[in-house]
Amino acid sequence: IIAGVVINIVAAGLTSFFYAPGKTLPQLMPVVSIPILSDIPLIGPVFFDFAGRDGLEWDKRIEHLRNWPNVIKEIGGAFAPLVAQPHSTYTVSPEHLAEVAKVAKEIGAIFNTHISENQAENEDVIKRHGKTPTKVLEDAKALDNAVFAHAVKLTDDDRNIIKENNVSLSHCPG
């Protein structure tokens, strides 16, 4: 099984993986080391408008993000890019997305979030905010050094915004 996964990952050109404290710790899931790929993690604080599994409220989580470069330096080891990870435009408010984007820019972090995974998500975000997830992120000034996951149900305007702002996509249909 592991060999098949590694072959598929290499064939797909995967260059990193996602690590979420509390989700991939040994007590919850066995550690599987994949040569080379295991040395290039994308790790960083994950944001929701509510406290996460770790119980951190918003202000503490932002403080944690501001200190993230020091955390990574203290851990040492292989290079790990700094990543700020607000979950999505349906779990994080536009104001909070803007705050994460601002801090990410200050510390030189990648801004990584999920967008337009399916039509229901788009309809929900449009109902809440009057615009698509991509437009919510543009208005929140969250396009600098950004990577958007999924990006399955994009409008033509969304595609143009993404292209004009050099946003990277981690296209993974959900």
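Just so it is clear, the model here is predicted, and its values are computed rather than measured.

Analysis parameters
- Residues numbered from 1 in each chain as written.
- Predicted model: local features only at pLDDT ≥ 70, side-chain atom pairs only at ≥ 80, totals over all residues.
- Heavy atoms only, no water.
- Helix = DSSP H or I, 4+ residues; strand = E, 2+ residues; numbered from the N terminus.
- Buried < 20%, exposed > 50% of the residue type's maximum accessible area, 1.4 Å probe, protein only.
- Contact = heavy atoms within 4.5 Å.
- Areas by Shrake-Rupley, 256 points an atom, 1.4 Å probe, with all protein chains shown as cover.
- Salt bridge = Lys/Arg side-chain N within 4 Å of Asp/Glu carboxyl O.
- Pairing = 2+ DSSP bridges.
- Phe/Tyr/Trp six-rings, centres within 6.5 Å; stacked < 30°, edge-to-face > 60°.

A. Inspection of the overall build of the protein at higher detail. Within the protein one finds six helices and seven strands. Looking at the 174 residues of the protein, the share that counts as buried comes to 37%. Across the protein, the fraction of contacts at a sequence separation of at least 24, relative to all contacts at a separation of at least 6, is 63%. For the protein, the exposed surface amounts to about 10200 Å²; the carbon and sulfur share of it is 58%.

B. Just the pattern of salt bridges, in detail. For the structure shown, the criterion picks out nine salt bridges. Residue Asp139 pairs with Lys131 through a salt bridge whose shortest N-O separation is 2.8 Å. Asp139 sits in the partly exposed class, given a relative accessible area of 39%.

C. A look at the sheet that holds strand S4 (residues 83–86). Taken in spatial order, the five strands of this open sheet run S3-S4-S5-S6-S7, and their pairing is parallel. Of all strands in the sheet, those with a lone pairing partner are strand S3 (46–47) and strand S7 (168–170), marking the two edges. Relative to S7, strand S6 (residues 146–150) is paired through three bridges, and the arrangement is parallel. By the bridge assignment, Val147 is partnered in S7 with Ser168.

D. How the structure looks around the side chain of Thr113. Inspection of the secondary structure puts Thr113 in strand S5 (residues 110–115). Discounting chain neighbours no more than four positions away, the residues touching Thr113 are Pro86, His87, Ser88, Leu137, Val147, Phe148 and Ala149.

E. Representation of the packing of aromatic side chains within the structure. Counted by the stated rule, this structure contains two aromatic pairs. Ring geometry for Phe48 versus Phe50: centroids 4.9 Å apart, planes at 20°, classification stacked. A relative accessible area of 22% places Phe48 in the partly exposed class.

F. Structural context of the environment of Ala84. Its location among the elements puts Ala84 in strand S4. Sequence separation of Ala84 and Arg66 is 18 residues, and the distance between their C-alpha atoms is 9.7 Å. Residue contacts for Ala84: discarding those within four places in its chain leaves Pro45, Leu65, Val100, Ala104, Ala109, Ile110, Phe111 and Asn112.

G. Quick look at the environment of Thr134. Within the secondary structure, Thr134 is located in helix H5 (residues 133–139). For the pair Thr134 and His114, spaced 20 residues apart in sequence, the C-alpha separation works out to 10.0 Å.

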